[in-house]
Amino acid sequence: MKRTTGAMAVLAAAALTLSACGGGGDESTSAAGGAEGQAPDQSERCTEDLAGGTITVGEFSMLPSFAPGQGQYGVRGGAQSAAVYDRLMVWNPEAEEFEPKLAESLEANDDNTVWTLKLRDGVTFSNGDPLTAEDVVFTVGLHKDPATRSVAMTEAMQISDVRAVDPLTVEFTLADPWAGFPITLAGTVGEVIPQAAYEAADPQEWSRNPIGAGAFTVANYVPDQETVLEPNPDYYGGPVCPTLKFIRIPGSQGTYDAFQTGEVQVGFLRGAKFVNMAQNDDVRGFEEIISSGSVINMNSGKAGYDGILTDVRARQAVAAALDRDLWNQRLYDGEGQPTSALIADSSRLYDGQEGPVFDAEKAKSLVAELKADRPDWNGELRMLISDGPENIEAGVVAKALLDAAGFNVVIDNAPVSQVTARQFTGDYEIVIGGLATSDADPAAAFASGMLPGGATNLTGIDDPELTAAVNELKAAGDLDAQKAALTRLQEVFNEVQPFTVMANAEQYVAVADTVGGLTPTLSSTVLYDGAFVKE
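Residues numbered from 1 in each chain as written. Predicted model: local features only at pLDDT ≥ 70, side-chain atom pairs only at ≥ 80, totals over all residues. Heavy atoms only, no water.

- Per an unreviewed UniProt entry, the chain goes by the name ABC transporter substrate-binding protein and belongs to Dietzia cinnamea.
- On record in UniProt, under Sequence similarities (unreviewed entry), the comment for the chain is "Belongs to the bacterial solute-binding protein 5 family." (UniProt positions renumbered as here; feature names shortened; annotations may be inferred.)

### Considerations on the nonpolar core
- Grouped together as the largest cluster of nonpolar side chains are 99 residues, with contacts concentrated most on Phe172, Leu489 and Tyr528.
- Discounting residues that sit within four places of it in the chain, leucine 489 has contacts with Leu342, Phe446, Met450, Leu466, Ala469, Val470 and Leu473.
- One finds Met298, Tyr305, Ala321 and Leu366 within the second-largest nonpolar core, a separate group that totals 33 residues. (Core = buried A, V, L, I, M, F, W, Y, C linked by side-chain atoms within 4.5 Å. Buried < 20%, exposed > 50% of the residue type's maximum accessible area, 1.4 Å probe, protein only. Contact = heavy atoms within 4.5 Å.)

### Overview of helix 1 (residues 78–85)
- Taken across its 8 residues, helix 1 has 8 buried, putting it largely inside the fold.
- Turning to helix 1, the residues buried within the fold contact strand 3 (54–59), helix 6 (203–208), strand 10 (216–222), strand 11 (226–231), strand 12 (243–248) and strand 22 (526–527).
- The positive-phi residue at the C-terminal boundary of helix 1 is aspartate 86, with phi of around 65 degrees. (Helix = DSSP H or I, 4+ residues; strand = E, 2+ residues; numbered from the N terminus.)

### Thoughts on the packing of aromatic side chains
- Counted under the stated rule, the structure contains 12 aromatic pairs.
- In this structure an aromatic cluster arises from ring pairing among Trp115, Phe172, Trp178 and Phe181.
- When the ring centre of phenylalanine 60 is taken as origin, the NZ or CZ atom of arginine 270, which lies over that ring, is 4.3 Å away.
- For lysine 474, the ring lying beneath its charged end belongs to tryptophan 178, and the centroid distance is 5.2 Å. (Phe/Tyr/Trp six-rings, centres within 6.5 Å; stacked < 30°, edge-to-face > 60°. Lys NZ or Arg CZ within 6 Å of the ring centre and 35° of its normal.)

### Regarding the pattern of salt bridges
- For the coordinates displayed, the defined rule picks out 21 salt bridges.
- A salt bridge links arginine 163 to glutamate 171; the shortest N-O distance between them is 3.1 Å.
- A relative accessible area of 39% means that arginine 163 is categorised as partly exposed.
- Within this structure, Arg45, Asp86, Lys101 and Asp529 form a network of salt bridges that share partners. (Salt bridge = Lys/Arg side-chain N within 4 Å of Asp/Glu carboxyl O.)

### Some remarks on the state of the cysteines
- Evaluation of the coordinates by the stated rule reveals 1 disulfide.
- Across the disulfide, cysteine 46 is cross-linked to cysteine 241 (sulfur-sulfur distance 2.0 Å). Taking the sign of the torsion about the S-S bond as the criterion, the disulfide between cysteine 46 and cysteine 241, at about 90 degrees, is right-handed. With cysteine 46 in the loop between strand 2 (33–34) and strand 3 and cysteine 241 in the loop between strand 11 and strand 12, this pair connects stretches of sequence that are 195 residues apart.
- A relative accessible area of 4% places cysteine 241 in the buried class. (Disulfide = S-S within 2.5 Å.)

Written as structure tokens, this is what we have:
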């Protein structure tokens, strides 16, 4: 019996390790949803008589490039990418289900290993070429190619085969059962690239001026500064009202100041302090609680690392030594969400799962045991920290707690770009970071971060029991099965500890009363195809 995604109560996820993350809420991303009583009204959309005007958006981080596979997350310009390309599927956080967008339908076989997608008829790209099943097949291939450097490569690699059944039908065959597969098509893999136009284009030119099937086209693109998008007059979804202007404003404080003065009408805020500030000021917006939003990654063998953290006792000692409540007080004045669990207690998947507890004596005992077994090790642990103020403070707090357990932490400060690069190449021992885990289905995030070969497996962990637990979560087909699988994953994770969770994180897309028609979807990405400026 086949099931449509609209009838499935599946959860889905996208993950990206945020290497600049410094702690509980200020530096780290789940399914977007509005805070109770403060979510913007989504009942109205653009109509022809509302056309015109400009919406200026303050971004936390600009889209790095319009090259394929770069716009997965709202925190790094996902809204810009989705506005130009559109997506095959979208996650509806209110209904808690996936819905077709460029697609007309998506159905699975009984064990969720084969998925059949039907495309909308009559959709064209901004150059006039029709959207076809072959374009979808081509797009998947791009994401699977390591040369593309897609942030969704791990998800795309779960597709063992993809074929065009006919011009409007695509069949995906997965390597393993995955109930949450629609998340792949609701993210950047669902941003279809027109094969003929892409292959004829210069890659550098494409990264600045792409062709997509979305509601907007690129009018101006200045990397890391400004992106201006104009309405696509031939958009399949109907009239498109405003011009969009995305600008980079360093830090959430600056973004919120610009929002209050009216310089921006939509602002991306990160961290409990700023989310609380906006909500206390009765600012409408879409809130997101990010499970595992702040973590400490520990090198378990990536890039040939053979230091003390390859011993599981060292990783367990780190986890036991960290007082997360103290961390929260020192870094966030007690306003964050300290936890050692993989899943936030606000998640619909939460079922009492608990991470390792703060236990200073256990940490001291484990470190002493390690020193006795390895007389050549004096407790030294090198901690890589990006040079932002919050990250430096987080490093100071972590060092004090770890040193109290018998470690001898040496802090290595570097620019955020270097920290990011060094994490992905394994050139670190321990580093403060975070996950971008969607509450739609954490399986994708945890698979990417914990499976061998995962795109964001920065620790190099390769543990058969952990792999089995992650795959069990992926295969779980309903909410109860997913909760049980997450409980099992938490138990295994507590023993293996490739990274240790410090806190959930919080994000808020603040929306001015002068803006209507915005739609939230995965990973704090907002869709603007129905947006309009109110009089």
